[in-house]
Structures are given as C-alpha cells and as structure tokens.
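# Secondary and tertiary structure notes
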Amino acid sequence: MKNNINLFATTRKNLALYNSKMLIIFLLLFNVVISTFLFINMYTEQKVVLFDIAKQEIKELIINKAGTQNEDRNNVPVSNINNVQGVFLTYYLDTNRELIIMDEFAPELRESILGKVENWNPDKMETKYEKIQLSNDESLYLLIASQNIYENGVLKGTIYVGKDITFLRSMFIHFLFILLGISFFFLIVALIVGQIMTKRAMKPIINSYTLQTEFIANASHELRTPLSVLKAGIEVIEFEEGKKFSSFSKSVLSDLKEEIRSTTQLVNNLLFLIRSDSGEQATVVESFDLLELMQQTLRSFGHISEAKKIKLNLQVQNTLIVCTEKEKVKQLLYILIDNAIKYTPNGGK
C-alpha cells in the first residue's frame with residue numbers, strides 16, 4: 001500500500017500546486033486590472049482638470065493680452081484658479097522662449113522645469129509627465145499641459161500649466177503595496193483552504209481505489225481454488241477416460257484445459273499487479289543470467305506456440321548477468337510473451 005500512498009500524495013500535491021498556480025495568476029490579473037483602472041482613472045481626472053485650467057488661462061491671455069502689455073514680466077497678477085485647483089505653476093513663453101508670465105510656488109525649480117519643456121511646442125493641448133530631482137532621496141512629479149497661443153493666425157507664444165501630483169503618486173504606490181499585501185494574505189488563506197479541500201476531494205477517490213483493489217484481490221484469491229479444482233478434475237478425466245474419447249471430445253477437453261490455463265494466468269497476473277502496486281511483495285534481489293530465464297520462459301510456451309504454429313525466436317549474443325528481483329522479471333516476461341502469442345495470428349513469429 002506504500003506505493004499507492006505515495007501516488008495519492010503526489011497527486012494531491014500536484015493538484016494543490018495546480019490550484020495554487022491558477023489562484024496566483026488570478027490574483028495577479030486582478031491586481032493588474034485594478035491598478036491599471038485606478039491609474040487610468042486618476043490620470044484622466046488630473047488631465048481633465050489641468051486641461052480646463054489651461055483653457056481658462058489661455059482665455060484670460062487672449063482677453064487681457066497680458067503677454068504683451070505688462071512691462072513687469074515677472075510680477076504679473078494671476079487669477080485664483082491655480083490656488084483653488086492646486087496648480088503648481090503657470091508659464092507663458094513668447095516665440096523667443098522668453099518668460100512673459102509666470103505663477104510658481106518654487107522659483108528655484110524654474111530652470112529645471114523650463115529645461116524639461118524646452119523643445120515642447122504643441123499646437124494642440126497635450127500633457128506630459130515629468131520628474132524633477134530635488135535631492136538624492138526626494139523627487140517632484142509634475143503633470144504639465146501645454147499649447148501654442150495664436151493671435152490672428154500668428155504664433156505668439158506657448159503656455160505651460162503644471163500640477164504637482166507627487167502626493168497622488170505616493171498614494172497610488174501605497175495603494176499598490178496594500179493591494180499586494182491583501183492579495184498575499186488571501187493567497188495564504190486560499191492555499192490552506194485549497195490543501196484542505198484537495199484532501200477532502202481525494203478521499204472518495206482513495207476509498208474507491210482501495211475498495212476496487214480489495215475486490216480484485218479477494219476475487220482473484222477466490223477464483224484460484226475453483227480453477228485448481230477444475231484443472232485437477234480435467235486431468236483426472238483425461239488420464240482415466242482419455243482413451244475412450246473421440247477426437248472431438250479430446251479437442252473440447254484440450255480447449256477446456258487451455259481456457260483454464262489462460263484464466264489461471266489472468267488471475268495470477270491480477271494478483272501480481274495488485275501486489276506490485278501495493279508494495280506487498282517481498283523484495284528479493286539476486287544475481288542471475290537473464291538469457292537462461294528467457295530461454296526457460298520460451299520453453300514453457302513451446303506447446304502453446306506449436307498449437308498456433310507461431311515461431312518463438314530468441315536472438316541473444318552473450319549471457320547477461322543482472323542483479324534484480326528475478327520473480328518479477330520472470331512474471332513480466334511471462335505476461336509479455338503470453339500477450340504476444342495471444343495477439344499474433346497463426347503462422348506468425
């Protein structure tokens with residue numbers, strides 16, 4: 001039964017491993033979908049807000065012509081929209097890339113930000129995600145919207161409206177870690193539950209296999225006795241009354257003996273397989289000549305092969321000394337040759 005226990009344990013382990021893999025894939029896909037959806041939703045929302053602010057700033061520039069009428073370029077009053085919406089900066093540069101209007105909360109970052117958008121002059125409203133390195137351990141993340149400004153078809157400059165999204169990015173990363181932590185927790189719980197459920201699911205299979213094995217073993221044992229009695233009875237009848245039988249009766253008697261032999265061999269094969277699977281057979285390892293064993297096995301099938309006019313050929317050059325379980329090898333050879341003769345047409349080899 002040891003082999004069967006190992007077989008069922010391996011099956012249960014593989015089944016649990018397969019379920020775990022499928023669960024991990026499902027959790028990964030779930031995390032990817034949720035994270036992607038959240039990221040797209042946050043990005044789209046911030047982009048829409050930034051576009052609305054940029055459009056309002058452009059409208060104010062066109063109405064007030066602030067870009068050309070104010071002599072103090074660095075101190076132009078701005079609306080309260082930026083403060084309300086959390087806008088970090090508003091820059092308006094003319095065609096010579098000179099700063100006309102600005103609204104910023106960190107003047108020391110002006111050069112770094114303008115360097116990021118130096119060659120960015122879109123005719124239509126566009127957004128760009130930029131990272132500003134403040135120190136070795138600290139960074140600033142901006143979402144910047146930009147569009148060229150035209151007056152009577154003539155390019156007058158470019159406006160840049162930026163929004164600090166560092167906090168939102170940090171929240172998003174924390175959310176991912178929390179999501180991964182929750183997924184890992186549920187994965188452990190699912191693995192434990194999966195092991196329990198797999199074990200329960202295997203119980204009916206194990207019970208069914210055990211009952212089937214016991215039934216075959218018991219039936220095989222029970223069949224050996226009547227088969228032995230039938231064989232002995234036929235041999236007695238053949239010995240005492242065989243000379244009185246007609247050729248037809250002798251043929252029938254021979255067929256009966258052959259059927260009993262085949263059935264007995266089938267029962268022995270069943271018992272051999274059951275004992276091999278269950279590990280009940282005693283292991284006796286010995287050295288023997290495989291050539292002699294094969295020759296002996298062929299001789300035992302000589303009368304059967306002659307009856308079917310089947311030639312049994314053994315092609316071996318030298319002796320072969322092996323060290324293994326002789327009885328099992330003998331049984332396997334017997335099964336192999338018996339099946340070969342059974343399914344080989346008359347006159348074959």
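See above for the structure.
Small disclaimer: the values here were computed from a predicted structure and weren't measured.

Here aspartate 94 shows up in strand β1 (residues 87-94). Among residues more than four places away in sequence, those in contact with aspartate 94 are Ile100, Lys156 and Gly157.

Where helix α7 (residues 290-300) contacts helix α9 (residues 326-342), the two axes come as close as 10 Å, and the packing angle between them is 40 degrees. Between α7 and α9, the interaxial angle falls into the category oblique. Regarding α7 and α9, the two cross each other, and that crossing is right-handed. Taken together, the residues of α9 that come into contact with α7 (itself represented by Leu290, Leu293, Met294, Gln296, Thr297, Leu298 and Ser300) are Lys326, Val329, Lys330, Leu333, Tyr334 and Ile337. Of the residues assigned to the contact of α7 with α9, the class counts are eight nonpolar, three polar and two charged.

Our next topic: the packing of aromatic side chains. In this structure the tally under the stated criterion is six aromatic pairs. Relative to phenylalanine 172, the ring of phenylalanine 39 has its centre 5.8 Å away and its plane inclined at 55 degrees; by these criteria the two rings are tilted. Taken together, the positions of phenylalanine 39 in helix α1 (residues 2-64) and phenylalanine 172 in helix α5 (residues 166-241) put the pair 133 residues apart, joining distant regions of the chain. The class for phenylalanine 39 is partly exposed, based on a relative accessible area of 46%. Look at phenylalanine 172 and you get buried, because its relative accessible area is 14%. Joined through ring pairs, the aromatic side chains of Phe39, Tyr43 and Phe172 make up one cluster. Here the guanidinium or amino end of arginine 169 rests over the ring plane of tyrosine 141, the centre of that ring lying 3.9 Å away.

Moving on, we come to the nonpolar core. Counting 17 residues, the largest nonpolar core has Tyr92, Met125, Ala145, Ile159 and Val161 as its most contacted members. Contributions of two or more residues to this core are made by α1, β2 (99-104), β4 (139-151) and β5 (154-164). Broken down by element, this core gets its largest block of residues, six residues, from α1. In this structure, Leu109, Ile132, Leu140 and Leu142 belong to the second largest nonpolar core, which totals 16 residues.

Attention now moves to the environment of phenylalanine 245. Looking at where phenylalanine 245 falls in the secondary structure, it is placed in the loop between α5 and α6 (247-278). In contact with phenylalanine 245, other than residues within four places in its own chain, are Ile237, Lys250 and Leu253.

How each quantity is defined
- Residues numbered from 1 in each chain as written.
- Predicted model: local features only at pLDDT ≥ 70, side-chain atom pairs only at ≥ 80, totals over all residues.
- Heavy atoms only, no water.
- Helix = DSSP H or I, 4+ residues; strand = E, 2+ residues; numbered from the N terminus.
- Contact = heavy atoms within 4.5 Å.
- Axes fitted to C-alpha atoms, helices over the stretch in contact; angles between N-to-C directions.
- Parallel < 35°, antiparallel > 145°, perpendicular 65-115°, else oblique.
- Left-handed = near helix turned anticlockwise from the far one by under 90°.
- Nonpolar A, V, L, I, M, F, W, Y, C, P; charged D, E, K, R; others polar.
- Phe/Tyr/Trp six-rings, centres within 6.5 Å; stacked < 30°, edge-to-face > 60°.
- Buried < 20%, exposed > 50% of the residue type's maximum accessible area, 1.4 Å probe, protein only.
- Lys NZ or Arg CZ within 6 Å of the ring centre and 35° of its normal.
- Core = buried A, V, L, I, M, F, W, Y, C linked by side-chain atoms within 4.5 Å.

All we've got here are geometric facts, nothing functional implied.
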